[in-house]
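Each chain, letter by letter, is given below.
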Amino acid sequence: MSFLKILKEYDDFDFSGYFANVTDEMVLNSINKKSLDKFDFLNLLSPRAKIHLEKIAQKAHEITVANFGYTINLYLPIYVSNYCSSDCLYCGFSKKNKIPRKKLSLEEVEIEAREIAKSGIKHILFLTGESRKITPLEYLCNVTKILKKHFSFVAIEVYPMSQKDYEVLFKAGVDGLTVYQEVYDKELYKSVHVSGEKSDYKYRLETPERGAKAGFRNLNIGALFGIGDIASEAFFSGLHASYLSKKYLGCELGLSLPRINEAEGGFQPNCILDDVSFVQIMCAYRLFLPRVEINISTREDADFRDNLLGICATKFSAGSKTEVGGYTVAKTKPQFEISDTRESDEVIKRIQELGYEPVYKNWENI
Amino acid sequence: MDILKIGDREFSSRLLTGTGKFRDKNEIKPMLKQSGSQIITIALRRVNLENPQDNILNFIPKTTTLLPNTSGARNAQEAVRIAHIARDAGCGNFVKIEVIHDALYLMPDNEETIKATKILAKDGFIVLPYISPDIVTCKKLEDVGASAVMPLGSPIGSNAGLQTKNLLEMIIQNSNLPVIIDAGIGLPSHASMAMEMGADAVLINTAIATANDPISAAIAFSLAVKAGRMAYLAKLENQSRYARASSPLTGFLNL
Amino acid sequence: MEIKLNGKNKKIEKNSTLKDLLPTLNPDTIVTEVNLEIIKKDKRKDFILKNGDCVEIITFMGGG
Ligand code: SF4
């Protein structure tokens with residue numbers, strides 16, 4: 001069964017009606033279960049569960065330590081282009097925005113990569129805006145090959161592609177794929193993805209699967225919080241991750257919790273994911289999916305991130321620059337404003353102080 | 001040192017053994033020595049006057065703590081009587097209450113066991129009641145002065161392992177008395193599991209006594225008990241039923 | 001006269017003591033009970049049995 005079909009089953013699901021009937025007992029029961037079903041997951045996402053957040057966090061911590069130990073995977077993003085042919089209302093790179101555009105030449109990629117590699121971190125995520133024309137497959141392959149000289153793990157966050165194209169990238173050295181559905185609610189999806197390729201909901205939804213079939217061993221997905229109803233978006237994200245991890249056993253699944261931050265374009269979020277709900281969702285992900293990676297980017301500020309580390313985060317970017325060429329060559333506008341502005345060595349020092357082991361290199365395909 | 005305290009007595013071994021069903025009683029002594037077991041159960045019976053057999057006490061070293069059971073008792077009163085006989089015979093003041101009148105499954109009668117425990121604890125016995133694993137019974141036993149509780153892992157002699165695991169977990173996590181898992185442990189892995197779960201000790205009789213080589217079996221159980229205990233102390237078991245109250249993780253949210 | 005010994009009727013002579021019942025048993029490894037009362041080892045030789053007494057002689061055996 002495709003994930004689209006699974007989503008369809010919830011077309012008429014009454015989330016607020018369900019949440020209204022969640023009791024303390026149901027929440028506590030779900031916390032204490034060894035393996036949680038989707039209703040347990042819902043119970044943990046319910047407003048009721050907020051009262052029990054400390055208990056949920058303790059359990060999330062326990063499960064995380066059991067599955068990952070006291071470690072945190074580190075990675076850095078490299079923005080290689082901000083050209084985009086889509087118009088997403090919430091994004092600074094939208095084609096509607098009159099901003100300086102830049103695409104790194106392969107020489108510049110090399111310079112940036114060398115600079116980033118100085119941090120010692122061996123995991124890199126390279127990002128582009130979604131322009132097939134300006135950053136075609138061939139360019140992406142060439143970037144990958146350069147990055148592979150400096151990094152052992154390369155993930156991409158670019159426009160969705162066919163399985164065949166992914167196979168080419170996989171051969172070039174790509175290990176992981178990040179693709180956020182952004183919004184699981186179909187109507188809302190349409191309303192914020194006004195034009196361009198990204199407005200194809202179904203194609204995007206099935207992107208992680210095409211990546212898995214092409215051989216990527218790491219998939220990172222998630223909803224962008226601030227557009228759709230928070231609890232149901234979180235629920236569908238978790239369900240999606242669960243679907244993928246059960247279907248593609250060889251894939252590591254990761255979930256991110258991006259929430260709308262100040263960006264170019266003056267987008268007003270429909271709702272705000274506050275810190276408490278953020279922690280609640282993160283912990284619910286952990287209890288529902290004990291082995292899922294939870295990725296916290298520098299969108300979140302330093303103190304908040306440090307606190308999340310002790311709960312159930314397993315993956316941090318550190319010292320990120322979100323401008324194209326941000327580490328060395330050029331200064332453009334960032335895709336989003338980062339909040340944790342510490343350099344990577346500061347972040348790493350803090351991780352160690354908190355009793356965790358920063359993992360510079362977790363994976364190398366040989 | 002990791003000490004097991006029962007009543008006023010302290011033990012370094014967490015393996016209790018039994019004297020039933022041995023083919024050769026001469027194996028009891030080396031079995032105790034090799035396994036390090038410091039407590040062993042015995043039973044009382046009418047002497048067979050036509051053909052008196054050797055007294056089991058002759059096969060147990062004097063340094064071993066005797067735990068006479070009240071097997072054969074079908075109610076509290078009979079259990080009390082047997083306990084007194086044992087103490088008067090010089091077996092010390094330890095007693096394992098065992099009240100059984102179910103001949104089909106040999107399941108203990110918790111209600112009568114509580115009654116007997118109350119009487120004997122008042123009489124100065126160190127009472128270790130053998131029970132069906134029921135947390136409510138355990139709490140009542142605590143109230144009437146038991147010195148430990150001995151819930152069963154599965155029916156006597158079944159060697160079926162910890163079929164009552166969930167119930168045992170409840171007891172272990174809530175008991176203020178030492179919890180000794182009795183009955184049903186057939187393999188060292190069962191014993192390990194019990195200890196990993198946080199049981200304070202296990203009692204093993206049938207599995208050792210009826211093994212091809214009881215002495216090796218006893219050693220295997222002894223190692224398993226130690227391994228399980230170490231795992232428990234090292235907090236390897238992360239699946240506790242309730243989240244542990246350590247320092248708050250969500251304090252920063254100012255909930 | 002007749003007593004009950006370990007559940008069975010047994011004819012004995014008048015004025016028999018408890019000790020007389022146990023010629024072949026090692027006195028150190030048994031417990032004696034008469035009418036549900038334990039009779040200590042050193043009292044056995046003076047304990048004179050009456051008609052209808054209920055005597056139990058108990059020993060230790062293997063058990064779990
Ligand atoms: S979210 Fe992606 S596709 Fe949409 S405008 Fe931004 S870069 Fe382009």
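Anyway, here's the lowdown on the structure attached to this text. Computed from a prediction, not measured in an experiment: that's the story for all the values here.

**Examining the packing of aromatic side chains**
The description of two aromatic rings rests on the distance between their centres and on the angle between their planes.
Residues and elements named next belong to chain A.
Logical step 1: What the rule picks out here adds up to 26 aromatic pairs over all chains.
Logical step 2: Directly above the ring of Tyr-203 sits Arg-210, whose terminal nitrogen or CZ lies 3.7 Å from the centroid.
Logical step 3: Geometry around Phe-68 places Arg-291 over its ring, the cationic atom sitting 5.3 Å from the centre.

**Details of the nonpolar core**
Logical step 1: Membership of the largest hydrophobic core comes to 126 residues, with the highest contact counts inside it found for Phe126(A) and Leu147(A).
Logical step 2: When residues in this core are grouped by element, the largest group, 10 residues, is from helix H13 (residues 275-288) of chain A.
Logical step 3: Ignoring sequence-local partners within four residues, the contact set of Leu147(A) consists of Ile78(A), Val109(A), Ala113(A), Ile124(A), Phe126(A) and Val154(A).
Logical step 4: Counting 60 residues, the second largest nonpolar core, distinct from the first, contains Met31(B), Ile85(B), Ala191(B) and Phe60(C).

**Overview of a positive patch on the surface**
Residue and element names in this part refer to chain A.
Logical step 1: The grouping of Lys-5, Lys-8, Lys-186 and Lys-190 at the surface amounts to a positive patch.
Logical step 2: Within the residue set of the positive patch, elements represented by two or more residues are helix H1 (3-8) and helix H9 (186-192).
Logical step 3: Relative to the helices and strands, Lys-190 resides in helix H9.
Logical step 4: Note on Lys-190: relative accessible area 55%, which makes it exposed.

**Quick look at the environment of Ser222(B)**
All names here are of chain B.
Logical step 1: With respect to the secondary-structure elements, Ser-222 resides in helix H8 (residues 214-233).
Logical step 2: On a C-alpha basis, the gap between Ser-222 and Ala-191 in space is 8.9 Å, while along the polypeptide they are 31 residues apart.
Logical step 3: With residues up to four places along the chain from it excluded, the contact list for Ser-222 reads Leu-15 and Ser-35.

**Notes on the sheet that holds strand S6 (residues 94-97) of chain B**
Residues and elements named next belong to chain B.
Logical step 1: One open sheet accounts for 3 strands, arranged S6-S7-S8; its pairing is parallel. The sheet terminates laterally at S6 and strand S8 (150-151), the two strands that pair on one side only.
Logical step 2: With 2 bridges connecting them, strand S7 (residues 126-131) and S8 associate as parallel partners. Bridge pairing in S8 places Tyr-130 opposite Met-150.

**Section: the state of the cysteines**
Logical step 1: Under the definition given, this model contains 0 disulfides over all chains.
Logical step 2: Left unpaired, Cys283(A) is separated from the closest cysteine sulfur, that of Cys312(A), by 4.4 Å.

**Let's talk about the site of the ligand**
Logical step 1: Cys84(A), Ser86(A), Cys88(A), Cys91(A), Phe93(A), Ser94(A), Gly129(A), Glu130(A) and Lys198(A) make up every residue found near the ligand.
Logical step 2: Residues that form the shell around the ligand fall into these classes: 4 nonpolar, 3 polar and 2 charged.

**Overview of the side chain of Thr298(A)**
All names here are of chain A.
Logical step 1: With respect to the helices, strands and loops of the structure, Thr-298 is situated in the loop between strand S9 (293-296) and helix H14 (302-309).
Logical step 2: Take Thr-298: its relative accessible area is 1%, and that puts it in the buried class.
Logical step 3: Leaving out residues up to four positions away in the same chain, Thr-298 has contacts with Arg-305, Ser-317, Ser-320, Ile-338, Ser-339 and Asp-340.

**Some remarks on the interface of chain C and chain B**
Logical step 1: Each side of the interface is counted separately: chain C has 21 residues, and chain B has 29 residues.
Logical step 2: Both sides together, the interface formed by chain C and chain B hides about 2100 Å², and carbon and sulfur atoms give 63% of it.
Logical step 3: Ranking the residues of chain C by area buried against chain B places Phe60(C), Met61(C) and Gly64(C) at the top, with a combined share of 32%.
Logical step 4: Applying the counting rule to chain C against chain B returns 3 salt bridges.
Logical step 5: In this structure, the connection of chain C to chain B is made through 9 residue pairs in polar contact (both at pLDDT 80 or more).
Logical step 6: Of all the secondary-structure elements, those providing two or more residues to the side of chain C that touches chain B are strand S3 (30-34) and strand S5 (54-62) of chain C.
Logical step 7: The element that contributes the greatest number of residues to the side of chain C that touches chain B is S5(C), accounting for 7 residues.
Logical step 8: Partitioned by chemical class, the residues of the side of chain C that touches chain B number 10 nonpolar, 7 polar and 4 charged.
Logical step 9: Of the pairings in the sheet, the one linking strand S4 (residues 39-46) of chain B to S5(C) comprises 5 bridges and is antiparallel in character. Residue Ile42(B) lies in a different strand from S5(C), and its bridge partner there is Gly62(C).

**As for the pairing of strand S3 (residues 15-18) of chain B**
Residues and elements named next belong to chain B.
Logical step 1: On S3, burial covers both faces: Leu-15 and Thr-17 on one face and Leu-16 and Gly-18 on the other are all buried.
Logical step 2: The pairing of S3 with strand S10 (residues 201-204) spans 3 bridges and is parallel. Bridge pairing links Leu-15 to Val-202 in S10.
Logical step 3: Taken together, the 3 bridges between S3 and S4 define a ladder with parallel strand orientation. Residue pairing across strands places Gly-18 opposite Thr-41, the latter belonging to S4.

**Remarks on the packing of helix H4 (residues 135-144) of chain B against helix H5 (residues 165-174) of chain B**
Residues and elements named next belong to chain B.
Logical step 1: In contact at an axis separation of 9 Å, H4 and H5 are set at 30 degrees when each is read in the N-to-C sense. The angle between the axes of H4 and H5 places the two elements in the roughly parallel class. When the axes of H4 and H5 are compared, the crossing they make is right-handed. Facing H4, whose interface residues are Ile-135, Cys-138, Lys-139 and Glu-142, H5 presents Met-170, Ile-171 and Asn-174.

**Side note on the pattern of salt bridges**
One side chain can pair with another of opposite charge once the charged atoms of both are near each other.
Residue and element names in this part refer to chain A.
Logical step 1: All told, the structure shown has 39 salt bridges over all chains when counted by the stated rule.
Logical step 2: For Asp-40, the salt bridge identified is with Lys-33, shortest N-O distance 2.9 Å.
Logical step 3: Looking at Lys-33, the relative accessible area reads 33%, which means it is partly exposed.
Logical step 4: Residue Glu-110 is joined to Lys-149 by a salt bridge in which the shortest nitrogen-to-oxygen separation is 2.9 Å. Of this pair, Glu-110 sits in helix H6 (residues 106-117) while Lys-149 sits in helix H7 (residues 137-150); the two residues are 39 residues apart in sequence, bridging distant segments of the chain.
Logical step 5: By relative accessible area, Glu-110 is classed as buried at 15%.

Analysis parameters
Starting afresh in each chain, residues are numbered from 1 along the sequence in its written order. Numbering of ligands from 1 and lettering of chains from A proceed in the order in which they are written. Residue-level local features of this predicted model are given only where pLDDT is at least 70; pairs of side-chain atoms are given and counted only at 80 or more, and the full residue set underlies all totals for whole chains, interfaces and linings. No hydrogens and no water enter the side-chain calculation; it runs on all heavy atoms of the structure. Planes of paired rings set the category: under 30 degrees apart is stacked, over 60 is edge-to-face and the rest tilted, where pairs are Phe, Tyr or Trp rings (Trp by its six-membered ring) whose centres lie within 6.5 Å. Counted as over-ring charges are cases with an Arg CZ or a Lys NZ within 6 Å of the ring centre that also lie within 35 degrees of the ring normal. For this analysis, a nonpolar core means a set of buried residues of the types Ala, Val, Leu, Ile, Met, Phe, Trp, Tyr and Cys, connected via side-chain atoms within 4.5 Å. For every residue, the accessible area obtained with a 1.4 Å probe (protein chains only) is divided by the maximum for its type, and the residue is called buried under 20%, exposed over 50%, and partly exposed between those limits. Labels follow the DSSP assignment, with helices taken as runs of H or I lasting at least four residues and strands as runs of E lasting at least two, numbered in each case from the N terminus. Here, residues are in contact when the closest pair of their heavy atoms is within 4.5 Å. Each patch is built from salt-bridge-free residues with over 30% relative accessible area, joining like charges within 9 Å and nonpolar side chains (Val, Leu, Ile, Met, Phe, Trp, Tyr) within 5 Å. With residues, only the protein chains shown are counted as cover, and all accessible areas are computed by Shrake-Rupley using a 1.4 Å probe. By definition here, a salt bridge exists when the distance from a side-chain nitrogen of Lys or Arg to a carboxyl oxygen of Asp or Glu is within 4 Å. As used throughout, the charge tally considers Lys and Arg to be positive and Asp and Glu to be negative, leaving His and the chain termini uncounted. Charge coordinates come from a single atom per side chain, which is NZ of Lys, CZ of Arg, CG of Asp or CD of Glu. In short, DSSP must find at least two bridges between two strands for them to pair. Disulfides are defined as cysteine sulfur pairs within 2.5 Å. Note on terminology: near, applied to a residue and a molecule or strand, indicates that one of the residue's heavy atoms is within 4 Å of it. Polar here means any residue outside two lists: the nonpolar Ala, Val, Leu, Ile, Met, Phe, Trp, Tyr, Cys and Pro, and the charged Asp, Glu, Lys and Arg; Gly therefore counts as polar. In short, buried area is how much 1.4 Å probe accessible area vanishes from two parts on joining, totalled over both. N or O atoms within 3.5 Å of each other form a polar contact, as long as, within protein, one can give a hydrogen and the other can take it, and as long as residues adjacent in sequence are counted only when both atoms are side-chain atoms. In this description, a line fitted to the C-alpha atoms serves as the axis of each element, helices being fitted only across the stretch in contact, and the angle between N-to-C directions of two axes falls anywhere from 0 to 180 degrees. Oblique is the label for any angle not under 35 degrees, not over 145, and not in the 65 to 115 range, which are roughly parallel, roughly antiparallel and roughly perpendicular in turn. By definition, any crossing whose near helix is turned counterclockwise from its far helix by less than a right angle is left-handed, and any crossing with a clockwise turn is right-handed.

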